[in-house]
Amino acid sequence: MLEIKQLTKAYGKTEVYRGLDLSLEEGKITCILGESGSGKTTLLNCIAGLTDYIGQITPVKCSYVFQTPRLVPNLTAEQNLSLVCRDKARVCAMLEVVGLGEKRGAYPKSLSGGQAQRVSLARAFLYESDALLMDEPFSSLDLRLKNEMHSLFLQINSRYRRTVLFVTHDVDEAVKLADRLLVLKGGKIVFDCAAAAAERAEDGFCEGLRKRLVSVLTEG
Amino acid sequence: MTALKNFFKERKFNIIGSAVAIALMWLVWIIAYYSVGNKLIVPSFNETAVCFFKNFASTEFWTALGGSLLRTLLAFLVSLLLAAVCAAGASLSKTVKAVLKPVITFVRVLPTLAVSLIILKFAQGDRSVSPAIVTVLVLFPAIYAQLIAEAEGLDGGLAEMAKAYNISRRDRLFKIYLPHMLPATLSQCGANISLGLKVTVSAEVLVNTAKGLGGMLQESSLAAETAQLAALTVSAVIAGLLLDIAFSQLKRLTRKWC
């Protein structure tokens, strides 16, 4: 289980977190919602060790799917994945899973935005990590592609069952993907709701949840 | 035939521009020759042209040209290797970068032609070594600065990704940093090599290198053979231009991913 205790982080005089506590259940998808500047990305960066902080975070090996694919431009799709996994068979298999088997020799400049993000997703699952951090990974995609990526992500994650921390500002996306929903505001968690698959299947549950989330996000 | 036509069509403005520039330089030469009226100071274009073409039949000329080019290329390769190693170290370690900074500055400001004479003494009169060393002293800091600028221009997102995924230093260096630096480095190759030739020939003039264009220039100057001096200078310029053009094509190697 990933535990965050008394997390405190500031950029100069601007305080992002003061004494934040959070526990993430293993194998579950936790979505964090929040407005721009609420500290969502900072939280992921603290967990990934990309920024310094005060407090305690369980040391975990993380995969990270960024907002942009961040593929190495001089390496092919296959070579990009080989940076995190030396097993060529697994790399090729994963490229097939994300529907890019024929693009293994393609350089990032010849991949579309959606294809590049698929490679980024493949990289995250190939890397043997304890936690998967996702920072608004599908925000730049159009609706159709976004839905495809959601399905792909859920399909792959059902196999790997990673502990996922998914950051987004899209309420619909959060309701669709999350086992647990958190809203971040002013460096604090102001809403915490676990929504099991069975509950989500009930009529009106998602719509009700959605309305509650919008209300929390928009109130002053 | 079509390929040739397309070649000229694509480069129409460059070719016209170059032709106009050459014509202007020729005109300036003619005006200078007639204005000065002393062929010991400004040789005639015709005599220079005769010397230029006569040199092609001279073994001494080709030996000298070959010697200068070999020194230049060796100095360039040494500079590139040294700069790459230093830039790699500096991009992976702030300590290395801090230590290198004053060293690079020192090498850059060193008066190279004075160093040329000092090296001559250490090399016990061997006049072929010091021009190459001087060229390294000029090219190494310039190439290092280019590589460091490229390394620092690396997308911060890629550096973050490499850190997040614990990508090994070796992979970061050989698969991310060095390939990132490669396109700009290759495109600067031509300019660096032609600068190198210029420095090599200058140093050869100073120490009177026997098998070198600089040595031939020095001899012509001492013998007051101004037409030959001009012809050799033109040869050096053309050699530099051809090197610049040839090595600038190396950047095509990175076309796949750029």
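Refer to the structure presented above.
Definitions and cut-offs
- Residues numbered from 1 in each chain as written.
- Chains lettered and ligands numbered in written order.
- Predicted model: local features only at pLDDT ≥ 70, side-chain atom pairs only at ≥ 80, totals over all residues.
- Helix = DSSP H or I, 4+ residues; strand = E, 2+ residues; numbered from the N terminus.
- Rg over C-alpha atoms; globule rule 2.2 N^0.38 Å.
- Buried ≥ 20, exposed ≤ 12 C-beta atoms within 10 Å, placed from the backbone.
- Contact = placed C-beta atoms within 7 Å.
- Nonpolar A, V, L, I, M, F, W, Y, C, P; charged D, E, K, R; others polar.
- Expected span 1.5 Å × (residues − 1).
- Bend = angle between axes of the 7 residues up to and from the residue.
- Pairing = 2+ DSSP bridges.
- Axes fitted to C-alpha atoms, helices over the stretch in contact; angles between N-to-C directions.
- Arc of directions from axis to C-beta.
- Core = buried A, V, L, I, M, F, W, Y, C linked by C-beta atoms within 7 Å.
- Parallel < 35°, antiparallel > 145°, perpendicular 65-115°, else oblique.
- Left-handed = near helix turned anticlockwise from the far one by under 90°.

Participant: Where do I start with the overall build of chain A in this structure?
Facilitator: What chain A contains, in helices and strands, is 8 helices and 9 strands. Taken over C-alpha atoms, the radius of gyration comes to 18 Å for chain A, in line with the 17 Å a tight globule of 220 residues would show. Structurally, chain A occupies a C-alpha span of about 50 × 45 × 30 Å along its principal axes. Burial status across chain A gives 40% buried among its 220 residues. In chain A, once contacts between residues fewer than 6 apart in sequence are set aside, the share between residues at least 24 apart is 70%.

Participant: Looking at this model, I keep getting lost on the interface of chain B and chain A. Mind explaining?
Facilitator: Bring the parts together and some accessible area is lost; that lost area is often taken as the interface size. The partner chain A presents 16 residues to the 14 residues of chain B that form the contact. When residues of the side of chain B that touches chain A are traced back to their parent elements, those giving at least two are α8 (156–164) and α9 (169–207) of chain B. The element contributing the most residues to the side of chain B that touches chain A is α8 of chain B, with 6 residues. Residue composition of the side of chain B that touches chain A, grouped by class: 8 nonpolar, 1 polar and 5 charged.

Participant: Could you clarify how one ought to interpret the environment of aspartate 172 of chain A in this entry?
Facilitator: Residue position: aspartate 172 of chain A is located in helix α6 (residues 171–177). Note: C-alpha distance between aspartate 172 of chain A and arginine 210 of chain A (38 residues apart in sequence) is 7.1 Å.

Participant: Help me understand α9 of chain B, please; the structure alone is not making it clear to me.
Facilitator: Here α9 of chain B contains 39 residues, and its C-alpha end-to-end distance of 44 Å is more than 12% below the 57 Å for a straight helix at 1.5 Å per residue. A bend of about 40° at cysteine 189 of chain B is the largest found in α9 of chain B.

Participant: I'm lost on unusual backbone geometry in this one. Help?
Facilitator: Working note: non-glycine residues mostly have negative phi, and peptide bonds are mostly trans. Residue and element names in this part refer to chain A. At glutamine 6, a residue that is not glycine, the phi angle is positive and equals roughly 50°. As for its position among the elements, glutamine 6 is in strand β1 (residues 2–11). Residue glutamine 6 is classed as partly exposed on the basis of its C-beta count, with 14 C-beta atoms lying within 10 Å. In this model, glutamate 136 sits at a positive phi of 45°, which is unusual for a non-glycine residue.

Participant: Hey, could you run me through the sheet that holds β1 of chain A in this one?
Facilitator: Strand pairs in the sheet, formed through backbone hydrogen bonds, run parallel or antiparallel to each other. Residues and elements named next belong to chain A. Strands sit in the order β2-β1-β4 across an open sheet of 3 strands; the sheet is antiparallel. Both outer strands of the open sheet, β2 (14–24) and β4 (54–57), are each paired with one neighbouring strand and no more. Averaged over all pairs of adjacent strands, the angle between their axes in this sheet comes to 15°, without regard to strand direction. By the bridge criterion, 7 bridges tie β1 to β2 in an arrangement that is antiparallel. Following the sheet pairing, isoleucine 4 is matched in β2 by leucine 22. The strands that helix α1 (residues 40–48) touches are β1, β2 and β4; relative to β1, the one it contacts most, it runs at about 120°.

Participant: Sorry if this is basic, but what is going on with the sheet that holds strand β6 (residues 131–135) of chain A here?
Facilitator: Residues and elements named next belong to chain A. Ordered in space as β5-β6-β7-β3-β8-β9, the 6 strands form an open sheet in which the pairing is mixed. With one partner strand each, in any of the chains shown, β5 (62–65) and β9 (188–194) form the two edges of the open sheet. Between one strand axis and the next, the sheet turns by 20° as a mean value, whatever way the strands run. Strand direction decides the pairing type here: β5 and β6, joined by 4 bridges, are parallel. From the neighbouring strand, serine 63 faces β6, where its bridge partner is leucine 132. Its contacts with the sheet place α1 against β3 (29–33), β5, β6, β7 (163–168) and β8 (180–185), and it is angled at close to 150° to β6.

Participant: Honestly, helix α3 (residues 88–97) of chain A in this entry has me stumped. Any pointers?
Facilitator: Each full turn of the α-helix corresponds to 3.6 residues, which orients residues three or four apart in the same direction. Residues and elements named next belong to chain A. Three or more residues of α3 are buried, namely Val91, Met94 and Leu95. Buried residues of α3, viewed axially, fall in a sector of 100°; they line one side. Elements in contact with the buried residues of α3: α2 (77–82) and α4 (113–126). Two residues or fewer after α3 comes glycine 99, characterised by a positive phi angle close to 75°.

Participant: Explain the nonpolar core here, please?
Facilitator: Generally speaking, nonpolar side chains in soluble globular proteins are found buried as a group. Ranked by internal contacts, the top residues of the largest apolar core, which has 110 residues, are Cys31, Leu81, Ala122, Leu133 and Leu165 of chain A together with Ala87 of chain B. In contact with leucine 165 of chain A, other than residues within four places in its own chain, are Leu24, Thr30, Ile32, Leu44, Ala131 and Leu133 of chain A.

Participant: Help me understand the packing of helix α5 (residues 94–109) of chain B against helix α7 (residues 129–152) of chain B, please; the structure alone is not making it clear to me.
Facilitator: Axis angle and axis distance: for two packed helices, these are the angle between their axes and the distance between the axes, and together they describe the pair. Residues and elements named next belong to chain B. Contact geometry for α5 and α7: axes closest at 8 Å, N-to-C directions at 135°. Taken together, the axes of α5 and α7 lie oblique to each other. The hand of the α5/α7 crossing is left-handed. Where α5 approaches α7, its residues Ile104, Val107 and Arg108 are matched on the opposing element by Leu137, Phe140, Pro141 and Tyr144. Partitioned by chemical class, the residues of the contact of α5 with α7 number 6 nonpolar, no polar and 1 charged.

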